[in-house]
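Geometric and topological summary
Spelled out from the first residue to the last, the chains are:
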There are 2 protein chains.
Amino acid sequence: MVITNQDILEFQKLYRATFINSITGFKSASLIGTISNKGNTNLAIFNSVIHVGANPPALGFLMRPTSVERQTYDNIKETGYFTINHINKDIFKKAHQTSAKYEKEISEFDACGLTPDFTKTIKTPYVKESKIKIGLKFVEEKEVKFNKTIFIVGQIIEIILPDDIIAKDGYVDIEKAGTAAISGLDGYHETKRIARLSYAKPGAEPKKI
Amino acid sequence: MVITNQDILEFQKLYRATFINSITGFKSASLIGTISNKGNTNLAIFNSVIHVGANPPALGFLMRPTSVERQTYDNIKETGYFTINHINKDIFKKAHQTSAKYEKEISEFDACGLTPDFTKTIKTPYVKESKIKIGLKFVEEKEVKFNKTIFIVGQIIEIILPDDIIAKDGYVDIEKAGTAAISGLDGYHETKRIARLSYAKPGAEPKKI
């Protein structure tokens, strides 16, 4: 079936949000950890983390700074740091619960049963229960004028992950680490790798590697 | 183990690209279709498509305009339109092959064995073999100064998808449509939904819906 822009605008609000959030394809499942200058920790679920660059290493994510995500934004601007923690099958319910609208004084770590974990490098909390954790330094924000969302870019300061999921060529087996994928606003998925494919060249069919 | 920023900078180039591209979590698997004013079609694989907004409905993706993705960028700027087509299990090899460096005159549709498909709404090609296809009008680009990548935002003009994957609440079952997820630069995954969870509220545990 064909759904037009006009159809979408006429959808009921919650139906529209559910529908449009589903059609991007699978999304990354991350908890973003931050801390205020006063020491209040915050944890929020995001499904928009994407690769920005490898050299220097950088990731980015899109946020709505006026919503429940406000504290994440404020803390990043205050301290200059944030952490990205992969959501795995064991913690997806707790991770989902961080999207509830808690008061500013309440830490989602406490409210949702997740444990703040710290390294010597940055004072921003990681999620102990996460198996792949990335510490980042804020470097840039770009406001999308169209709807006031903000694309936040961070340079990678450190990565904490299990030794045994890194392949010889640098590929990290996030499936082995139990990392979940998200569909829509509330769908959590485990994965099964079909294949890795060789570097594509004109005139040659990609091979399984 | 802990990998520092310094470690990453000292990695061999290809190892670093493979490693950093892996650690964002799972990524969307999309083919972006465009056409030049002269009528040359282009098709390129992207793993950075994310949700930007539901009202008005918009998606975005990040690109390196000076690389193999140049033609996608030029065509979007020339015509103002592009299509996002979900990669499914049946076409992931052909989709991967679009990342090969073909000459400008060669259409990846022809070279990779995918079929351009058109609607009456826009003159930009969809991928016939894709089950979920989105037509977009370019609305904004933001250059990330940090590394000259560009975040492209498009407003959704139309969506073509099977009737039987839309749930009563608007959730689109992309897993049922066979949409793939990507890890790293070359890992393709099928998925198995663990659960959908209810809207999170403070003090109540999320339930499976």
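Rules used in this analysis
- Residues numbered from 1 in each chain as written.
- Chains lettered and ligands numbered in written order.
- Predicted model: local features only at pLDDT ≥ 70, side-chain atom pairs only at ≥ 80, totals over all residues.
- Heavy atoms only, no water.
- Phe/Tyr/Trp six-rings, centres within 6.5 Å; stacked < 30°, edge-to-face > 60°.
- Helix = DSSP H or I, 4+ residues; strand = E, 2+ residues; numbered from the N terminus.
- Buried < 20%, exposed > 50% of the residue type's maximum accessible area, 1.4 Å probe, protein only.
- 1 Å grid on protein atoms, 1.4 Å probe; cavity = no way out; pocket = protein on both sides within 12 Å on 5 of 7 lines; lining within 4 Å.
- Points joined across faces, edges and corners; volume = space filled by probe spheres on them.
- Nonpolar A, V, L, I, M, F, W, Y, C, P; charged D, E, K, R; others polar.
- Least-squares fit on C-alpha atoms with pLDDT ≥ 70 in both.
- Contact = heavy atoms within 4.5 Å.
- Buried area = accessible area lost by both parts, 1.4 Å probe.
- Salt bridge = Lys/Arg side-chain N within 4 Å of Asp/Glu carboxyl O.
- Polar contact = N/O pair within 3.5 Å; in protein donor to acceptor, adjacent residues only side chain to side chain.

Here we come to the packing of aromatic side chains. A complete count under the given rule lists 13 aromatic pairs over all chains for this structure. Pairing Phe-151 of chain A with Phe-151 of chain B gives two aromatic rings, centres 4.9 Å apart and planes at 5°, and the pair type is stacked. Of this pair, Phe-151 of chain A sits in strand β11 (residues 149–160) while Phe-151 of chain B sits in strand β11 (residues 149–160), which puts the two residues in different chains. With respect to burial, Phe-151 of chain A and Phe-151 of chain B carry one shared label: buried. Put simply, the rings of Phe-11, Tyr-15 and Phe-19 of chain A touch in pairs and so form one group of aromatic residues.

This brings us to empty space enclosed by the protein. In the structure shown here, the tally under the stated rule is one cavity of 30 Å³ or more. Size it by volume and the largest cavity reaches roughly 50 Å³. Taken together, 13 residues make up the lining of the largest cavity; nearest its centre are Lys-27, Ser-28, Val-49 and Ile-50 of chain A together with Ile-50 of chain B. Of all the secondary-structure elements, those providing two or more residues to the lining of the largest cavity are β2 (27–28) of chain A together with β2 (27–28) of chain B. When grouped by side-chain class, the residues that make up the lining of the largest cavity number six nonpolar, five polar and two charged.

Between the two copies of this chain, the relationship is a rotation about some axis together with a displacement along it. Taken as rigid bodies, chain A and chain B are interconverted by a rotation of 180° and an axial shift of 0.0 Å, the fit giving an RMSD of 0.0 Å. Here the transformation between the copies is reduced to the relation of a two-fold axis. Proximity to the rotation axis, assessed at the C-alpha, singles out Thr-191 of chain A in chain A; its C-alpha lies 2.1 Å from the axis. Taken together, the interface assignments show that 100% of the residues at the interface of chain A recur at the interface of chain B, consistent with an identical surface on both copies.

On to the interface of chain A and chain B. Opposite the 102 residues of chain A that make contact, chain B presents 102 residues. Counting the surface chain A buries against chain B, the share from its top three residues, Met-1, Phe-26 and Phe-146 of chain A, is 9%. Counting across the interface, chain A meets chain B through four salt bridges. The shortest N-O distance in the salt bridge between Glu-190 of chain A and Lys-192 of chain B comes to 3.9 Å. Across the contact surface, chain A and chain B share 48 residue pairs in polar contact (both at pLDDT 80 or more). Tallying contributions element by element places strand β13 (residues 187–196) of chain A first for the side of chain A that touches chain B, with ten residues. Classifying every residue of the side of chain A that touches chain B gives 51 nonpolar, 29 polar and 22 charged.

Interpretation in functional terms is not warranted from these geometric data alone.
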